[in-house]
Amino acid sequence: MTIFTKIAKGEIPSWKVAESDEFYAFLDINPLAPGHTLVIPKNVEDDYIFHLDEATYAGLWAFARKVALAIKAAVPCKRVGVAVLGMEVPHTHIHLVPLQTEGDLNFRKERPVLTPDQQAGIAASILAEYEKL
Ligand code: 5GP
């Protein structure tokens, strides 16, 4: 079982920002910017997004779209950027990153340090916006 499956099952804690029957979204533990979110399928551990079946692939992106709208409403940013890497965790995930500049999507940049309370507050704000959609 991957670490992200354990997160989706609640066996490992996470700052949840959205959830549906099939998909789960939570804050990145080491965010590129405040509000950096990971979107995953709950029940598919394949580590390569383009291996997903078409229905799961389309559903994941549709869910990510709603999460991005909620992030944009909750976190001050110009827009929400998208990245798919999967170089570290072998469980398909989409990164949604609030952007002020294109440099905010540089995965090698120094990352802001956020306290657990700050992460919890950001997650609650995004979840509240998600629930309005
Ligand atoms: P990637 O696999 O796309 O290269 O990067 C994996 C991402 O997952 C990284 O941005 C990393 O900070 C994040 N990450 C790794 N382990 C955990 C974890 O246990 N919890 C959370 N919330 N994020 C994680």
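Before reading further, recall that the structure is shown in the block above.
In short, a report on the structure. Remember, it's a predicted structure, so these values are computed and weren't measured experimentally. (Residues numbered from 1 in each chain as written. Predicted model: local features only at pLDDT ≥ 70, side-chain atom pairs only at ≥ 80, totals over all residues. Heavy atoms only, no water.)

Digging into the environment of alanine 73
Short version of the rule: Helical segments are the DSSP runs of H or I of at least four residues, strand segments are the runs of E of at least two, and each set is numbered from the N terminus. When a residue's accessible area, from a 1.4 Å probe over protein chains only, is under 20% of the maximum for its type it is buried; when over 50% it is exposed; and in between it is partly exposed.
Residue placement: alanine 73 occurs in helix H2 (residues 54-74). Classification of alanine 73 as partly exposed rests on a relative accessible area of 48%. Along the sequence, alanine 73 and serine 125 sit 52 residues apart, while their C-alpha atoms lie 8.9 Å from each other.

Some words on the nonpolar core
What counts, and what does not: Only buried residues count toward a nonpolar core, which is a set of Ala, Val, Leu, Ile, Met, Phe, Trp, Tyr and Cys residues joined through side-chain atoms within 4.5 Å. In this analysis, two residues are considered to be in contact whenever any of their non-hydrogen atoms come within 4.5 Å of each other.
Membership of the largest hydrophobic core comes to 24 residues, with the highest contact counts inside it found for Val17, Val39, Phe63, Val67, Leu96 and Ile126. Elements with a contribution of two residues or more to this core: strand E1 (16-19), strand E2 (23-27), H2, strand E5 (94-99) and helix H3 (116-132). The element that contributes the greatest number of residues to this core is H2, accounting for seven residues. Setting aside chain neighbours within four positions, we find phenylalanine 63 in contact with Ala18, Glu19, Ser20, Phe23, Tyr24, Ala25, Val39 and Tyr130. Counting eight residues, the second-largest nonpolar core is a separate cluster that includes Ile7, Tyr24, Phe26 and Leu38.

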